[in-house]
Amino acid sequence: MSVNTSHNLSGPLDEVTASYRATWLRPPHTEVFARRLDQLASFLDLALNEPAAVQKVQDAVAELREVPRLSTALLQITDAALSIMGTEFGNVQVIDPRDGSLVLVAHAGFRSGFLDHFAVVRDDRSVCGRAARHSEQAVVADVRATPALEPHQKVFRAAGVRAVQSTPVLGPSGRTIGMISTHASQPGSPSDRDLRLMQLYARLAGEVIARHLDRSPAAADGLAVRRPDTTTLLLPDHSSIDALTGQILSETINRIFAAGLNLAGTLQLVTHDDLLARRVQAGLDELDEAIRQIQRAALEIGLHRPAGEGSRPPHVDIGLAFPTRTGR
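First, a word on scope: everything that follows refers to the structure included in this document. (Residues numbered from 1 in each chain as written. Predicted model: local features only at pLDDT ≥ 70, side-chain atom pairs only at ≥ 80, totals over all residues. Heavy atoms only, no water.)

## A few points about the overall build of the chain
And then number 1: Scanning the chain from terminus to terminus reveals 11 helices and 7 strands.
And then number 2: Residues counted as buried form 46% of the 328 residues belonging to the chain.
And then number 3: Put simply, the chain shows about 16,800 Å² of open surface, and 51% of that area lies on carbon and sulfur atoms. (Helix = DSSP H or I, 4+ residues; strand = E, 2+ residues; numbered from the N terminus. Buried < 20%, exposed > 50% of the residue type's maximum accessible area, 1.4 Å probe, protein only. Areas by Shrake-Rupley, 256 points an atom, 1.4 Å probe, with all protein chains shown as cover.)

Here it is as structure tokens:
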């Protein structure tokens, strides 16, 4: 854990969270699931090869879920990111749904010059902005050797920053709802292991952040459901059916994800019992088939959606296979 003390920026935090609406927090459309499942396979492979590290991430998120306030959760997320990446500085940003900008809401190790410069990021001419635009992790091994970051060089030098990584935080809808960035005082790229652990932590922390945002007054207003009067019968439209189906699929994927991590970690620990290893592997195979069934169900939803009700999700062959222990 970093020795730096994390701090909230309460004014920006209050403003950006008040802007959230339920549409940013709804379950994902079916086309989002292929990407999620592909990432799931990567995380399970990580759990198989780095069970202790993944367990630490899971423990950190378990503690995070018990935190009653978003402001406190953001401080823990910042500290955890510094610990995972082994860096001196870090910050957390939340997307403002009004204009898609990144608003800095928590940090560790920075002074006012850096905080003022990156208070609101509205374009992709920064590491975090690029990560948000493409909704994928972005890494810069040396900011001084990156011409595109010239507008920020003076601020980086004053803050002692040489390397940066930014990892998107995704909400249940699959949209980027925030960003976790860490900054190092020496140039160099993080290891693939650390970057994947950061992705795993950001994915799980995103569920916690989304849950807090969902409790905000603005989100609550967006989720309000009008009650039918005595003369009107309200039948569910296709959008509400899709939302319900998406919620069921999302919950199922989360359960498979948790079960897969546990089984992959267990398989790694089995060294002398061939029968037990085969049974654990059989469990992983069952999860693999469950994921394929979810994919087929998602495709069926798209195929039977009436014309004009949204685009049909593309047929994506994930080619997913849960990791198998070497020699089994």
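So much for the structure itself; the text now carries on.
## Details of the pairing of strand 3 (residues 101-108)
On a regular strand, each side chain points to the face opposite its neighbour's, so the side chains alternate between the two faces of the sheet.
And then number 1: Of all the 8 residues making up strand 3, 8 are buried; the element is thus mostly covered by neighbouring parts of the structure.
And then number 2: Pairing of strand 1 (residues 6-8) with strand 3, which is carried by 3 bridges, proceeds in the antiparallel orientation. Counted as the bridge partner of His-7 is His-107 from strand 3.
And then number 3: Examined bridge by bridge, strand 2 (residues 89-96) and strand 3 share 7 bridges and lie antiparallel to one another. For Val-94, the partnering residue across the bridge sits in strand 3 and is Val-103. (Pairing = 2+ DSSP bridges.)

## Topic: the environment of Gly-109
And then number 1: Inspection of the secondary structure assignment puts Gly-109 in the loop between strand 3 and helix 5 (112-117).
And then number 2: On the basis of relative accessibility, which here comes to 32%, the residue Gly-109 falls in the partly exposed class.
And then number 3: The spacing of Gly-109 and Gly-90 is 19 residues in sequence and 7.0 Å in space, taken between C-alpha atoms.

## A word on the packing of aromatic side chains
And then number 1: Tallied over the full model, the rule gives 4 aromatic pairs.
And then number 2: An aromatic cluster is present here, built from Phe-89, Phe-110, Phe-114, Phe-118 and Phe-156 joined pairwise through their rings. (Phe/Tyr/Trp six-rings, centres within 6.5 Å; stacked < 30°, edge-to-face > 60°.)

## Digging into helix 6 (residues 127-134)
And then number 1: Within helix 6, the full set of buried residues consists of Val-127, Cys-128, Gly-129 and Ala-131.
And then number 2: Residues of helix 6 that are buried make contact with strand 2, strand 3, strand 4 (120-121), strand 5 (138-140), strand 6 (163-170) and strand 7 (176-184).
And then number 3: Positive backbone phi, approximately 55 degrees, marks Ser-135, located one or two places after helix 6. (Contact = heavy atoms within 4.5 Å.)

## Brief notes about the layout of surface pockets
And then number 1: Size it by volume and the second largest pocket reaches roughly 350 Å³.
And then number 2: Lining of the second largest pocket is provided by 15 residues; of these, Lys-56, Ala-60, Ala-80, Ser-83 and Ile-84 occupy positions nearest its centre.
And then number 3: Elements supplying a minimum of two residues to the lining of the second largest pocket: helix 3 (51-65), helix 4 (70-85) and helix 8 (192-214).
And then number 4: Split into classes, the residues belonging to the lining of the second largest pocket amount to 8 nonpolar, 2 polar and 5 charged. (1 Å grid on protein atoms, 1.4 Å probe; cavity = no way out; pocket = protein on both sides within 12 Å on 5 of 7 lines; lining within 4 Å. Points joined across faces, edges and corners; volume = space filled by probe spheres on them. Nonpolar A, V, L, I, M, F, W, Y, C, P; charged D, E, K, R; others polar.)

## Some words on the packing of helix 3 against helix 4
And then number 1: Relative orientation of the contacting elements helix 3 and helix 4 amounts to 170 degrees, with a least axis distance of 10 Å. In this view, helix 3 runs roughly antiparallel relative to helix 4, as classed from their interaxial angle. Here Val-57, Glu-63 and Leu-64 of helix 3 come into contact with helix 4, specifically with Ala-73, Gln-76, Ile-77 and Ile-84.
And then number 2: For the contact of helix 3 with helix 4, a count of residues per class yields 5 nonpolar, 1 polar and 1 charged. (Axes fitted to C-alpha atoms, helices over the stretch in contact; angles between N-to-C directions. Parallel < 35°, antiparallel > 145°, perpendicular 65-115°, else oblique.)

## Looking at the pattern of salt bridges
And then number 1: Evaluated as defined, the whole model comprises 10 salt bridges.
And then number 2: Residues Arg-65 and Glu-207 are paired through a salt bridge, measuring 3.9 Å at the closest nitrogen-oxygen approach. Of the two residues, Arg-65 is situated in helix 3 and Glu-207 in helix 8; the sequence distance between them amounts to 142 residues.
And then number 3: Close ionic contact of Arg-122 with Asp-99 constitutes a salt bridge, the shortest N to O distance being 3.7 Å. Linking Arg-122 in the loop between strand 4 and helix 6 with Asp-99 in the loop between strand 2 and strand 3, this pair joins segments that are 23 residues apart in sequence.
And then number 4: Residue classification places Asp-99 among the partly exposed positions, given a relative accessible area of 45%.
And then number 5: Within this structure, Glu-50, Arg-193 and Asp-194 form a network of salt bridges that share partners. (Salt bridge = Lys/Arg side-chain N within 4 Å of Asp/Glu carboxyl O.)

## Digging into the nonpolar core
And then number 1: Counting 61 residues, the largest nonpolar core has Leu-74, Ile-77 and Tyr-201 as its most contacted members.
And then number 2: With 12 residues, helix 8 is the single largest residue contributor to this core.
And then number 3: What Tyr-201 contacts, discounting residues up to four positions off in sequence, is Val-57, Ala-60, Val-61, Leu-64, Gln-76, Ile-77, Ala-80, Ile-84 and Ile-180. (Core = buried A, V, L, I, M, F, W, Y, C linked by side-chain atoms within 4.5 Å.)

## Looking at the packing of helix 4 against helix 8
And then number 1: Where helix 4 contacts helix 8, the axes come no closer than 10 Å and their chain directions differ by 180 degrees. As judged from the angle between their axes, helix 4 and helix 8 are roughly antiparallel. Residues Leu-70, Ala-73, Leu-74, Gln-76, Ile-77, Ala-80, Ala-81, Ile-84 and Met-85 of helix 4 form the contact with helix 8, whose own contacting residues are Asp-194, Leu-195, Leu-197, Met-198, Tyr-201, Ala-205, Ile-209, His-212 and Leu-213.
And then number 2: Residues belonging to the contact of helix 4 with helix 8 are distributed by class as follows: 15 nonpolar, 2 polar and 1 charged.

## As for unusual backbone geometry
And then number 1: Unlike most non-glycine residues, Ser-135 shows phi in positive territory, near 55 degrees.
And then number 2: By the secondary structure assignment, Ser-135 is in the loop between helix 6 and strand 5.

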